[in-house]
Amino acid sequence: MWSRIRALVIKELLAVLRDPRGRMILIVPPLVQLVVFSLAATLEVTNVDLGLLNRDGGRWGAELTQRLAAAPAVRGLHPLHDPAELRAAIDRQWVLAAVEIGPTFSRDLEAGRPADLQIILDGRRSNASQIVAGYVEQIVRELAAESPAGRRAAPLTVGAETRTWFNPNLIYPWFMVPSLVGVIAMLMGLTVTALSVARERELGTFDQLLVSPLRTHEILLGKVIPPLLIGLVHMTLFILAAVLVFGVPLRGSLPLLYASGLVFLAAVIGVGLFISALSATQQQAILGAFLFMVPAMLLSGFATPIENMPDWLQPLTLLDPMRYFLVVVKGIFLKDLPAAEVLAQTLPLGLIALVTLAAAAWLFRRRLE
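Please read these numbers as outputs of a predicted model, since none were measured by experiment. (Residues numbered from 1 in each chain as written. Predicted model: local features only at pLDDT ≥ 70, side-chain atom pairs only at ≥ 80, totals over all residues. Heavy atoms only, no water.)

K.L.:
What exactly am I supposed to notice about the UniProt feature "transmembrane region" (unreviewed entry) in the protein chain here?
P.N.:
In the UniProt entry, the feature "transmembrane region" (unreviewed entry) is given for residues 21–43, 171–198, 228–250, 256–278, 285–306 and 342–364. Within the segment residues 285–306, helix and strand shares are 68% and 0% respectively, and the terminal C-alpha atoms sit 28 Å apart. Helix makes up 100% of residues 342–364 and strand 0%, and the two end C-alpha atoms of the span are 32 Å apart. (UniProt positions renumbered as here; feature names shortened; annotations may be inferred. Helix = DSSP H or I, 4+ residues; strand = E, 2+ residues; numbered from the N terminus.)

Take a look at the structure:
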């Protein structure tokens, strides 16, 4: 059996590499996405979860709290009780940013002295963090202008010290390029698989497979393994590009990244095989692949935060394998994501892979019959 599967895998790889259109799909889209998305424009940030550690019991600390809670971009202001809780809120992505008000904030503001205020940002979402920091600083400037020192036309006495975690220099490619590892893996796994059976039908070799000694499950394995290998190769190339070209730190475990990526590719390949079994031509297969891929990218949180989406749409993101893998790949690159958290994100991927591969196998067998 394994010798027959090996022969089919080699045939599939040669069919992709010998076809000019197949080579173009393998080379051009990844390069275009690497160049374009690494320089992508930023989007407006709304529905922000903001943490607040108020160590000041005075009037101006309470006033700042109220203004932060009433800000249009803030969805929820979460009170924090100590620095450890603040660290946990940022680390687990419960909040995008946290504001720490010093214990002498009101007294210093009344006296016209520099007041203690700190903004801590999540550097894994560098662009959104910068925008939120601008929102907070604007509120602080307005508050300072209304203070006694501000009314006396004194210079600004509130200084906000910004500290960004995980991406301290706010380098945008550090956020974007790791995400492209998942985007390119999905693109390659989906398109190569979707074209597989459709190409066989167009070339007239699909009937030859049916009369060959290959069994149905062997044909399925032969169609799954090549895009899995191609996806892993592209993942490797983009990981090397992220580290060597863009200087993105790889702080976490590389074996965990590959293990989760393998499950992610299995889920995507199941969708591609389902599309391929439905398609009669390669054009239909390409259209079907992009019909799935574009919504999957938009719902994953890659281009816009999931929190910004309408409430009725957010549950649909739970069905998107890209949503879970982006958490893994960015977490492993930027913050050394623990194995338990990687497992928590990989288990839904495994369930999606099980469902998509089972559905694809069922449809494939039905079409063969």
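Once the structure has been displayed, the description carries forward.
K.L.:
Teacher, can you tell me more about the pattern of salt bridges here?
P.N.:
A side chain of one charge can pair with a side chain of the opposite charge if their charged atoms are brought near each other. Across all of its chains, the model carries seven salt bridges by this definition. A salt bridge links Arg55 to Glu100, with the shortest nitrogen-to-oxygen separation between them at 2.9 Å. With a gap of 45 residues between them, Arg55 in the loop between β1 (48–54) and α3 (59–70) and Glu100 in strand β3 (residues 97–101) connect regions that are remote in the sequence. Judged by its relative accessible area of 45%, Arg55 is partly exposed. By relative accessible area, Glu100 is classed as buried at 13%. A salt bridge links Arg124 to Asp122; the shortest N-O distance between them is 2.8 Å. One exposure class covers both Arg124 and Asp122, and it is buried. (Salt bridge = Lys/Arg side-chain N within 4 Å of Asp/Glu carboxyl O. Buried < 20%, exposed > 50% of the residue type's maximum accessible area, 1.4 Å probe, protein only.)

K.L.:
Please clarify how unusual backbone geometry should be interpreted in this entry.
P.N.:
If a residue is not glycine, its phi is most likely negative; likewise, a peptide bond is most likely trans. For Phe166, which is not a glycine, the phi torsion comes out positive at approximately 70°. Since its relative accessible area comes to 17%, Phe166 is described here as buried. In the Ramachandran plot, Asp336 falls in the positive-phi region, its phi being about 55° despite a non-glycine side chain. Along the polypeptide, Asp336 turns up in the loop between α13 (321–335) and α14 (339–368).

K.L.:
How should I be thinking about the pairing of strand β4 (residues 115–122) in this particular structure?
P.N.:
The side chains of a regular strand alternate, first on one face of the sheet and then on the other. Burial analysis of β4 places seven of its eight residues in the buried class, the great majority of the element. For β3 and β4, the ladder comprises five bridges, and the chain directions are antiparallel. Of the residues in β4, the one forming a bridge with Ile101 is Leu117. (Pairing = 2+ DSSP bridges.)

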